[in-house]
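Breakdown of the fold
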Amino acid sequence: MQKEENNKCVIVIFGATGDLAKRKLFPSIYNLYKKGSLSENFAIVGAARREWSDNTFRENVATSIQDSKINVDADLDDFLKHFHYLSFDVTNTSSYQNLHELINELDEQFNIPGNRIFYMAMAPQFFGTIASYLKSNEVTTTIGWSRLIIEKPFGHNLESAQKLNIDLREAFAEDEIYRIDHYLGKEMVQNIEVIRFANAIFEPLWNNRYISNIQVTSSESLGVEDRGGYYDHAGALRDMVQNHMLQMVALLAMEPPNRLTTEEVRTEKIKALRALRPMKSEDVDRYFVRGQYGRGMVNGKEVNGYREESNVDPNSATETFVAGKLLIDNFRWAGVPFYIRTGKRMTEKSTKIVIEFKELPMNLYYKSKDEMHPNLLIIHIQQDEGLSIVLNGKKVALSGETTPVKLDYCSSCQDVLNTPEAYEKLLYDCILGDATNFTHWDEVSLSWSFVDTISKVWENSIPTDFPNYEAQSMGPKISDKLLADDGFHWWPISDDSPYSILKGENINENV
Ligand code: NAD
């Protein structure tokens, strides 16, 4: 009963004519509607600059749903009746007054008890302005609840993030702010906690006694596409490491929470981020590697290097690849390196976590150390979602030789149709008031503090070797050295053959 009352709401999407709304938000809302997760008591207000009518807006919403991979059922017309459009100027008071009036009308029409979500799907420079106008025009004053969903990037560094946070906090309390990190909506990222805390075979091993190192790779095969203008000022460190990569590290490293409540989970993630060893400027070059893609061949065609992409400075020093070694100074993780790498124009689109276990104290089966295969737990975040465990088994033969055995579980293959998209899950969480899979301000500020030291060093030392990796590669060779110095190597991200994960990649003896 409580749940039903709670999911009655008006969702205002600022930037409703934009790419995010079209590709992610409308299809997600439609899926929630189809599955019955939204009651009939909801309304969507699209707010953007263009002079659209409700009908034009609805046609665009319908097209976006048809263009997505969703099965479109006959109820689309009923669904679209919930959509309304408001031509909007973010710095004009009358826009907010019109919005307030429209929301009140929709509350009445759809029997909504004053609950509202404000979704900022616009350029970040408007976030603070919109929040303050919403407050001054009393749009956030309601008898129901009022929540703000805010997209990345949350600031450009700690200082700008603090300023943005102060602006938002004037209009919304911390528990009303839902900072989206869409990685936290991904099925297998959420599954990290289940794997760790619901399985007796993993949690006892989840520490520096049994784990030798952890590798988190998030690679893109595409270049910057049409985001050159934004990306050239951000780079991979701000675009990926500050948020998604550090969030995955926090989930892997955190202590078991006392309960699965927002408060308890966040407390543990914040503690893990606090234990992250801060970078000293003089250590940045030893622990972090940056790269920029040059030209290369993709599917038989030559593709542009980063500096030749549109809206990118032809002398740009922006990194499109980052690899790093992180250390977590607490009892559980002391001495275990967490290696991260992320970049554009790499060999394939993939996000994977590899947990490499330590060797047994005594070797009964192998003649040399090179023949030994460590146990691995591989969490496949995307494209496929699932996990694999690599064990050693006996080779089917008379001799007592062993062979690596890989056990695979693919969750997205089991339930392709019902696997919800990250945005769908996160929107639904927000409607239900569950902020567990959104980032708390303390996580944002700790992540920026960590990343700022690296970006300051990089800004003050222009790389002379850019571009330093070819498109369609796994980044600059120098990133192998981060691991080689510790006696490890990157595990391959490709899963073409069941044992491909067992062959180290790109190990360059000459680095
Ligand atoms: P976009 O440029 O496609 O859309 C921007 C929207 O804002 C449009 O609807 C436009 O009409 C509106 N707008 C711009 N200026 C306005 C003004 N002065 N008054 C009223 N409306 C105005 O941008 P996008 O790609 O949809 O991204 C939106 C936000 O989401 C950004 O913060 C971006 O970083 C973030 N984001 C986008 C994606 C994605 O896949 N597109 C992914 C992650 C995060």
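Residues numbered from 1 in each chain as written. Predicted model: local features only at pLDDT ≥ 70, side-chain atom pairs only at ≥ 80, totals over all residues. Heavy atoms only, no water.

The name given to the protein chain in an unreviewed UniProt entry is Glucose-6-phosphate 1-dehydrogenase, with Anaerobacillus isosaccharinicus as the source organism. Heading Function (unreviewed entry) of the UniProt record for the protein chain holds this comment: "Catalyzes the oxidation of glucose 6-phosphate to 6-phosphogluconolactone." UniProt annotates the protein chain under Catalytic activity (unreviewed entry) with the comment "D-glucose 6-phosphate + NADP(+) = 6-phospho-D-glucono-1,5-lactone + NADPH + H(+)". (UniProt positions renumbered as here; feature names shortened; annotations may be inferred.)

Attention now moves to the pairing of strand 15 (residues 386–394). As defined by bridge partners, strand 14 (residues 376–382) adjoins strand 15 across five bridges and the pair is classed as antiparallel. Bridge pairing links Leu376 to Val390 in strand 15. Connecting strand 14 to the antiparallel partner strand 15 that follows it, the hairpin turn spans three residues. (Pairing = 2+ DSSP bridges. Helix = DSSP H or I, 4+ residues; strand = E, 2+ residues; numbered from the N terminus.)

With that settled, the discussion passes to the sheet that holds strand 1 (residues 9–14). Taken together, the six strands give an open sheet; going across it, the order is 3-2-1-4-5-6, and neighbouring strands pair in parallel fashion. Edge positions in the sheet fall to strand 3 (83–87) and strand 6 (177–179), since each of these pairs with one other strand and no more. Mean inter-strand twist for the sheet, computed between neighbouring axes without regard to direction, equals 20°. In this sheet, strand 4 (residues 116–120) lies alongside strand 1 in parallel orientation, the contact comprising five bridges. Counted as the bridge partner of Phe14 is Met120 from strand 4. Seen against the sheet, helix 5 (residues 93–109) touches strand 1, strand 2 (42–48), strand 3 and strand 4 and runs at an angle of roughly 165° to strand 3. (Axes fitted to C-alpha atoms, helices over the stretch in contact; angles between N-to-C directions. Contact = heavy atoms within 4.5 Å.)

Take the confidence of the model for the protein chain next. Detailed reading of predicted coordinates is not advised where the pLDDT is low. Scored by pLDDT, the protein chain comes out at a mean of 92, with 94% of its residues at no less than 70. Across residues 505–511 the pLDDT falls below 50, and counting only partners more than four positions away or on other chains, this stretch makes 16 contacts in the model. (pLDDT = per-residue confidence, 0-100.)

Time to look at the sheet that holds strand 8 (residues 288–291). Spatially, eight strands are ordered 8-11-12-7-13-14-15-16 in an open sheet, and the strand pairing comes out mixed. In this open sheet, the two strands that pair with only one neighbour each are strand 8 and strand 16 (402–410). Geometrically, the sheet is characterised by an average inter-axis angle of 15° between neighbouring strands, direction not taken into account. Where strand 7 (residues 211–219) and strand 13 (residues 350–357) come together, eight bridges link them in antiparallel fashion. Each bridged residue has a counterpart across the sheet, and for Gln215 the counterpart in strand 13 is Val354. Contacts from helix 9 (residues 228–253) reach strand 7, strand 11 (321–326), strand 12 (338–343) and strand 13 within the one sheet, and its direction differs from that of strand 12 by about 145°. The strands touched by helix 14 (residues 441–459) are strand 8 and strand 11; relative to strand 8, the strand with the most contacts, the crossing angle is about 55°.

Here we come to the UniProt feature "active site" (unreviewed entry) in the protein chain. Sequence positions flagged by UniProt for "active site" (unreviewed entry) are, in local numbering, His244. Examined against the element boundaries, His244 turns out to sit in helix 9. Classification of His244 by relative accessible area gives buried; the value is 2%. Each residue touching His244, except ones within four places of it in the same chain, is listed here: Lys152, Asp181, His182, Tyr183 and Asp239. (Buried < 20%, exposed > 50% of the residue type's maximum accessible area, 1.4 Å probe, protein only.)

What follows covers the domain arrangement of the protein chain. Domain boundaries assigned for the protein chain yield domain 1 (1–151) and domain 2 (184–354 + 413–497). Between the C-alpha centres of domain 1 and domain 2 the distance comes to 31 Å. Taking both sides of the interface into account, the surface hidden between domain 1 and domain 2 amounts to around 1500 Å²; carbon and sulfur atoms contribute 68%. Linking domain 1 to domain 2 there are two salt bridges. The interface formed by domain 1 and domain 2 contains seven residue pairs in polar contact (both at pLDDT 80 or more). Every element with two or more residues in the side of domain 1 that touches domain 2 is listed here: helix 1 (2–6), strand 1, helix 2 (19–34), strand 4 and strand 5 (146–150). It is helix 2 that provides the largest number of residues to the side of domain 1 that touches domain 2, a total of seven residues. Residues of the side of domain 1 that touches domain 2, tallied by class, amount to 11 nonpolar, five polar and five charged. (Domains from an automatic or database assignment. Buried area = accessible area lost by both parts, 1.4 Å probe. Salt bridge = Lys/Arg side-chain N within 4 Å of Asp/Glu carboxyl O. Polar contact = N/O pair within 3.5 Å; in protein donor to acceptor, adjacent residues only side chain to side chain. Nonpolar A, V, L, I, M, F, W, Y, C, P; charged D, E, K, R; others polar.)

A few words now on the pattern of salt bridges. Applying the stated criterion to the full structure yields 25 salt bridges. Linking Arg259 and Glu264 is a salt bridge whose minimum nitrogen-to-oxygen distance equals 3.3 Å. You can call Glu264 buried: its relative accessible area is 18%. What you see here is one network of salt bridges that share partners, running through Arg196, Glu203, Glu255 and Arg332.

A cluster of nonpolar residues, Met362, Leu364 and Tyr365, forms a patch on the protein surface that exposes about 410 Å² of accessible area. Within the secondary structure, Met362 is located in the loop between strand 13 and strand 14. Residue classification places Met362 among the exposed residues on the basis of a relative accessible area of 58%. (Patch = residues over 30% accessible without salt bridge, like charges linked within 9 Å, V, L, I, M, F, W, Y side chains within 5 Å. Areas by Shrake-Rupley, 256 points an atom, 1.4 Å probe, with all protein chains shown as cover.)

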